[in-house]
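# Examining the three-dimensional arrangement
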Amino acid sequence: MNEQPVTMTNEEVLMQESLTEAQIHKLAKKQVPLKKRVKHGVVTTVIYILCVLMAIVCLLPLWLLFVDATRATTQINQGMSLIPSKYLVTNFNSLIEFNLPILQAFFNSVFISFCSTALSLYFSTLTAYSFVAYRYKGQKAVWSVILILMMIPGQLSMIGFYKLVVDLGMYDTYWPLIIPAVAGPGAVFFFKQYFDANFSKEMVEAARIDGSSEFRTFNLVVFPTLAPALATNAIMGVVGSWNNYMGPLMLISSTEKYTFPMLSQLLKTDRYSTDLGAMALAVFLTILPLLVVYACFSRFIIRGVAIGGGKE
Amino acid sequence: MKGKKIVSVALSAALLGSAVGMLAGCGESKGDKMVYWVFDRDMAQQVTDYYATEERNLGYEIEVETVPLEQMLQRLDNSLRTGTNLPDVVALEAETFKKYIDNGAQSLEPLDDLMDLTSNMYDYTVDAATGPDGHLYALATNVTPGVFAYRRSMAKAVFGTDDPVEVQKHFDTWEHFIESARILRDFHGENNEYPEGIKVISSYMDIGKVFCGNRSEGWVDDNGNLTIDPSLYEGEYSMMEVAKMLQNEELSHETTSGDGTWYSDVWDNKVFGYFQATWGINTNLENNCSDSSGENSSYGDWAVIEGPASYFEGGTYHVVIKGTKWLDEAKEFVKFFSTDETYMKNWAKAHGDFMNNKQYMQDLVTDESANNEFLGGQNPYSIFISQAEKINGEIITRYDSEINGYYEAWATNYAEGKAEAQTIDDAITQFKAMVEASGLDISIA
Amino acid sequence: MRPEQQAAAASEAVREADRAPETAQEQQPKKKFRWKVDYYGILFILPFFVVYAIFSLYPMIYSVALSLTDYEGFNRVISIIGFDNFVWLATQPRFWQSLLNTVMIFCMNFVPQMLFALIFAAMFTGKTYKMRGKGAFKGIYYLPNILTATSVAVMFYTLFARPSGGLWQLLTKFGMDWDINLYLMPWPSRIIIAFIQFWMWFGNSMITLSAGILGINPSVFEAAQLDGASQKDIFLHITLPLIKPIVVYSLVVSTLGGLQVFDIPYLFLSGGPVMTGGRNATETVAVYIYKMAFTGDMRYNVASAASVYLFVICMIVSFVLFRITHSDELKQQKRIERRIARRGGTAA
């Protein structure tokens, strides 16, 4: 945006042929009586204060956690503090002594969330694609079914799901945490919306004329064009799967297969809670990967929320 | 759009990963190792230290997995039900092992041929490990009488002595316990070393395990009815009343057992003592007796006495899972950890633990190498033995961990003076309602 | 393109798309290939439905079936016992309390959440007061939502713990002058859990609502402004009614999510503290189901029956909500269209 230099007078500005919107705004401001401008200033200040307050509410617990992670247990017991102390390394060393399988759990979670997201992305786009690229009898009904499925609370099949997994011999494997990602009505809905806005039939027709098979067309022509939507959905998918707690809790039994969220549960229930500083550090470490991911991709994530407009 | 590139790279990596994963997920074969689940890290260590040592040369490997107690039951239940991922030998904890013994025929191998090894064991451990069908399903490694551990320096300052025999006189009944607690509370020291006074214990509900372990009746009688031992609610010094006194008169530090502050009180100079079972002296006190910076430590400043009541908490039982391919090796393993003299004595000395063998433990009373540095050189075994003799194993039921929790919850509410539990009768009524709502197979009289 | 604009474009497109299929169909020129090509349409949705049938539908039916049996604990022989489990559950104060807890925790979190989200969305999209750093604020507000619920629960557990928790100490500094353990008291525990939920979901709601407001056709605002409507009037009489569908959508999705909330209540106090009649203060239905099935005597049948109850409640709630709002939505849209048409008339 080209800002208006301060030295110009109003007349000079007016004489310029094309005014940017910002300039008009500035000029308009100067015409407004002082009283209104003061009011405007007050309201703006209030808004900023509110926003900052809310930001504090959102960040303070995390900051307190981080500060505790750098403090000795004695200090934590004496009272809270907003200033980090110098025991981060000490706490880290005690944490290592705990022998928590942090790295193992981290890679387990990475594996599960990436696999399930990859499956979810491919099959959701494929399903969504079938609704924009083809016509068949009863398609609308099928679409309604998917919309209804979106509304069916998945968690309610918990006991049956557990039994099924056991019967299929998939207990204590990652399969039941990964495969169901193929059938995510929410993701299908998301991509359907995206297709509705961006799908070009011509591209597919052209591919067809070139003799490309339908699968080929989808895989090589359509799928790559979805990159922005894929990125958005992928991050949300990874985060969602990463945070899944109940599934692994029910279905995983070997310690070496534990996921990351299960670790934080260990922290509260087990004797690890002895050392408050180390425990705070451990909890902080369990959210650190998400903080890093968020720092990199917050734009995608927020956009995804805005488009998807939904909760899981 | 740099992000896009990263995402697409990540995506293709993920696709590749899932393909690899599908291949890797298939072949799962176990069998060249005997699998042992245990709930404590130190106990996991004992396998490599004493059993699977080089000189013993077992000829096979033992895979030791440490499963936190909170998860052990769930994992074991799941594994037993599904028959997958089953261990061969499991160390179970006394509060919860009973349900497996009750269902022994379904899930455990009988150990009847080890019966003749039990002559020197504490009888209650054998009774508790015998299923309703009369088979022996487990052997206990240790016996876990509970004691009261206190700070020597505080005892000296307040009562003029840190000698366990003398200090015990101040704590031998609940009445004396409360009286001494009041003295401690009002004690600030000559130079105000204890500005807030001294709290007799950190969490007042720690008395729960003492009372529950001291009952003469179990939670459920032979007809499946709920029974509440009178010591829990009758009389001036019942569990309910003692809890209320400790709470009302600010005699405890009002922490929750196992919370951060409860642990930090071990070295923080605010709390006089802890009710701990044998193993807890090491696990809960010694392991936590200094802060993370190492500046404050209470090491060596402890001693143990019988305290106001005898009780027991925990205890490790080894069971062999039904259908194991390692039956003989598993039995050998169980046998070793319940009978081997070298192991039992050394482990007891190293961890202050109390093992399931009357003879060996009697030997330790006069064994100076069994003096405990953490306890200021005290030899705790005579106290352990006297407490162990009083353990009543008949009160162990499969419901103990849950129902103890319910009772403690309502004793807490009574102590806190909650509106729903103004009187003991109210609290008991609510406790019964809670048992009823738990869905456990118990009828309420 | 800024995310807001894109979102606006997307939601615009969605509305268009409702009418799109018919036109697309008519444009399709190659009639002779149609049946053959469209066969792929069915093929492509097959994986979705096959996996759904196996991993969602079948378990649901299985759950319902289990709820009619005596499948408990280590029981291997299962027999059907009819509706006993449902009857038993209906007489359980603890079960009803868990339902009530779920609703209470949801309301205490959702009402303030929507209120704050609306206020902040209005501030962020307002035309009069241009704000700087919107992106940063949005980023901060949304951050808690991506954090693992388990870690969040443990974090808040330590922060509100007496006496070492930072937030507990903060509370004692501001007004709470009694030295109490909040975790022993039903209402404080519930409020803290509701607060955690609020903390986690506020950003999500705010961004959703902002996107909704930005998706409103600007000409509506322009028309109102030309009419001399004040900012307040515009917000109350135009913005609010127009984003109502999104609020309702959030309501439905949040309610369904709220009815199933498990992670935080389970990990925070695992349902406690206790109340009279064997009830628990923060035990939600999902926690109840989980505890019934996987702890104690492992009563899968009762847990399944409870989940069937919950399922029915969810269905009723979402049906009613959609019913109410769908009719409302149509009315609103018509009213606004009329209003705009009238103005258009006068202007010409």
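Since this is a predicted model, take the numbers as computed values, not measurements.

## Remarks on the confidence of the model for chain A
Residues and elements named next belong to chain A.
- In the predicted model, chain A carries a mean pLDDT of 80, and the fraction of residues at 70 or more is 85%.
- Within chain A, the element-level pLDDT minimum falls on helix α1 (residues 10–15), averaging 51, and the maximum on helix α9 (residues 175–178), averaging 92.
- Contacts of residues 1–8 to residues separated by more than four positions or lying in other chains number 7 contacts, the stretch itself having pLDDT below 50.

## Let's talk about the sheet that holds strand β1 (residues 33–38) of chain B
Residue and element names in this part refer to chain B.
- With mixed pairing, 5 strands are arranged side by side in an open sheet as β2-β1-β3-β9-β4. Each edge of the open sheet carries a strand with a single partner, namely β2 (61–66) and β4 (138–140). Neighbouring strand axes in the sheet, compared pairwise and without regard to direction, differ in orientation by 20° on average.
- Where β1 and β2 come together, 6 bridges link them in parallel fashion. Paired with Met34 across the strands is Ile62, a residue of β2.
- Against the sheet, helix α4 (residues 94–102) engages β3 (89–93), β4 and β9 (316–320), with an angle of about 125° to β3.
- Running over the sheet, helix α14 (residues 327–339) touches β1, β3, β4 and β9 and is turned about 165° from β9.

## Things to note about the pairing of β9 of chain B
Residue and element names in this part refer to chain B.
- In terms of burial, β9 is largely enclosed, as 5 of its 5 residues are buried.
- The two faces of β9 match: Thr316, His318 and Val320 on one face and Tyr317 and Val319 on the other face are all buried.
- Examined bridge by bridge, β3 and β9 share 5 bridges and lie antiparallel to one another. What sits directly across from Leu92, in β9, is Tyr317.
- In terms of strand pairing, β4 meets β9 through 3 bridges, oriented antiparallel. Each residue of the ladder has a partner; that of Ala140, found in β9, is Tyr317.

## Considering the interface of chain C and chain B
- Every contact between the two is made by 21 residues of chain C and, on the other side, 24 residues of chain B.
- Elements supplying a minimum of two residues to the side of chain C that touches chain B: α5 (93–125) and α13 (285–294) of chain C.
- Among the residues forming the side of chain C that touches chain B, the class breakdown is 11 nonpolar, 7 polar and 3 charged.

## As for the interface of chain C and chain A
- On the chain A side, the residues contacting the 87 residues of chain C number 80 residues.
- It is helix α3 (residues 34–66) of chain C that contributes the most residues to the side of chain C that touches chain A, 19 residues altogether.

## A short note on the packing of helix α11 (residues 239–248) of chain B against helix α18 (residues 400–415) of chain B
Residues and elements named next belong to chain B.
- Axis separation between α11 and α18 bottoms out at 8 Å; the angle between their running directions is 50°. Accordingly, the angle class assigned to the pair α11 and α18 is oblique. Crossing of α11 over α18 shows right-handed handedness. Contacts between α11 and α18 involve Met239, Met240, Ala243, Lys244 and Gln247 on the former and, on the latter, Ala411, Thr412, Tyr414 and Ala415.
- Among the residues forming the contact of α11 with α18, the class breakdown is 6 nonpolar, 2 polar and 1 charged.

## A word on the nonpolar core
- If you look at the biggest cluster of nonpolar residues, it comprises 178 residues, and the most contacted ones within it are Ile301 of chain A together with Phe156, Ile289 and Ala306 of chain C.
- Looking at this core element by element, the count peaks at 17 residues for helix α16 (residues 276–308) of chain A.
- For Ala306 of chain C, the residues in contact, after removing those within four places along its chain, are Leu89, Phe95, Val285, Tyr288, Ile289 and Met292 of chain C.
- Core analysis: the next-biggest nonpolar cluster, separate from the first, contains 130 residues, Val89, Phe337, Ile403 and Ala411 of chain B among them.

Criteria and thresholds
- Residues numbered from 1 in each chain as written.
- Chains lettered and ligands numbered in written order.
- Predicted model: local features only at pLDDT ≥ 70, side-chain atom pairs only at ≥ 80, totals over all residues.
- pLDDT = per-residue confidence, 0-100.
- Helix = DSSP H or I, 4+ residues; strand = E, 2+ residues; numbered from the N terminus.
- Contact = placed C-beta atoms within 7 Å.
- Pairing = 2+ DSSP bridges.
- Axes fitted to C-alpha atoms, helices over the stretch in contact; angles between N-to-C directions.
- Buried ≥ 20, exposed ≤ 12 C-beta atoms within 10 Å, placed from the backbone.
- Nonpolar A, V, L, I, M, F, W, Y, C, P; charged D, E, K, R; others polar.
- Parallel < 35°, antiparallel > 145°, perpendicular 65-115°, else oblique.
- Left-handed = near helix turned anticlockwise from the far one by under 90°.
- Core = buried A, V, L, I, M, F, W, Y, C linked by C-beta atoms within 7 Å.

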